[in-house]
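# Reading the structure
Each chain is listed here by its residues.
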Amino acid sequence: MANYSTGISVTFDGDTFAEVRSLSWSFGGNQGYGRGGTFMLSPGTLTMTVLSDSLIDPRDCGKYGRLVVSGGGTNLTAYAVYERISVVAQLNSVTLYSVTFSFYPVL
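As a starting point, this report considers the structure included with it. (Residues numbered from 1 in each chain as written. Predicted model: local features only at pLDDT ≥ 70, side-chain atom pairs only at ≥ 80, totals over all residues. Heavy atoms only, no water.)

### What about the overall build of the protein chain?
Scanning the protein chain for helices and strands turns up zero helices and seven strands. Along the chain direction, N to C, the helices and strands of the protein chain fall in the order β-β-β-β-β-β-β. When each of the 107 residues of the protein chain is scored for burial, the buried share is 30%. For the protein chain, contacts bridging at least 24 residues in sequence account for 57% of all contacts bridging at least 6. Of the roughly 7,100 Å² of accessible surface on the protein chain, 52% is carried by carbon and sulfur atoms. (Helix = DSSP H or I, 4+ residues; strand = E, 2+ residues; numbered from the N terminus. Buried < 20%, exposed > 50% of the residue type's maximum accessible area, 1.4 Å probe, protein only. Contact = heavy atoms within 4.5 Å. Areas by Shrake-Rupley, 256 points an atom, 1.4 Å probe, with all protein chains shown as cover.)

### A closer look at unusual backbone geometry
Even without a glycine there, the phi angle at Asp13 is positive, about 55°. Even without being glycine, Asn92 reaches a positive phi, approximately 60°. Looking at where Asn92 falls in the secondary structure, it is placed in the loop between β6 (76-89) and β7 (95-103). With a relative accessible area of 77%, Asn92 lands in the exposed category.

### Quick look at the pattern of salt bridges
Tallied over the full model, the rule gives three salt bridges. Notably, a salt bridge pairs Asp13 with Lys63, separated by 3.4 Å at the nearest N-O pair. Taken together, the residues Asp13 in the loop between β1 (9-12) and β2 (15-16) and Lys63 in the loop between β4 (39-50) and β5 (64-70) connect sequence positions 50 residues apart. Using a relative accessible area of 39% as the deciding quantity, one classes Asp13 as partly exposed. In this structure, the salt-bridge partner of Arg59 is Asp57, at a minimum N-O distance of 2.7 Å. (Salt bridge = Lys/Arg side-chain N within 4 Å of Asp/Glu carboxyl O.)

### What to know about the environment of Leu55
Positionally, Leu55 belongs in the loop between β4 and β5. In sequence terms Leu55 and Thr16 are 39 residues apart; their C-alpha atoms lie 8.0 Å from each other. Excluding its chain neighbours within four sequence positions, the residues that come into contact with Leu55 are Asp15, Thr16, Phe17, Asp60 and Tyr82.

Structure representation (structure tokens):
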């Protein structure tokens with residue numbers, strides 16, 4: 001059965017992002033070369049686009065915290081680093097804010 005992407009909530013370090021428009025996250029890695037290659041884990045990333053600039057602050061880049069995503073079949077709880085911000089202002093339209101988090105293993 002399909003999951004409708006409604007009611008998605010993203011919280012980082014206790015603060016909730018407003019007006020989440022899109023979201024994608026991935027985990028994984030790759031197999032080393034050859035039959036005996038070792039699987040190398042890549043912690044993964046989460047990228048989302050929001051319409052509100054309420055938590056869009058370059059001073060947050062590099063900040064480590066707990067990332068919680070819920071709703072729309074996207075549920076996830078992980079530790080992550082607030083890595084990157086991108087801003088796209090569209091003439092006669094809305095400004096889109098894109099935020100990228102890198103997942104971080106718990107030590």
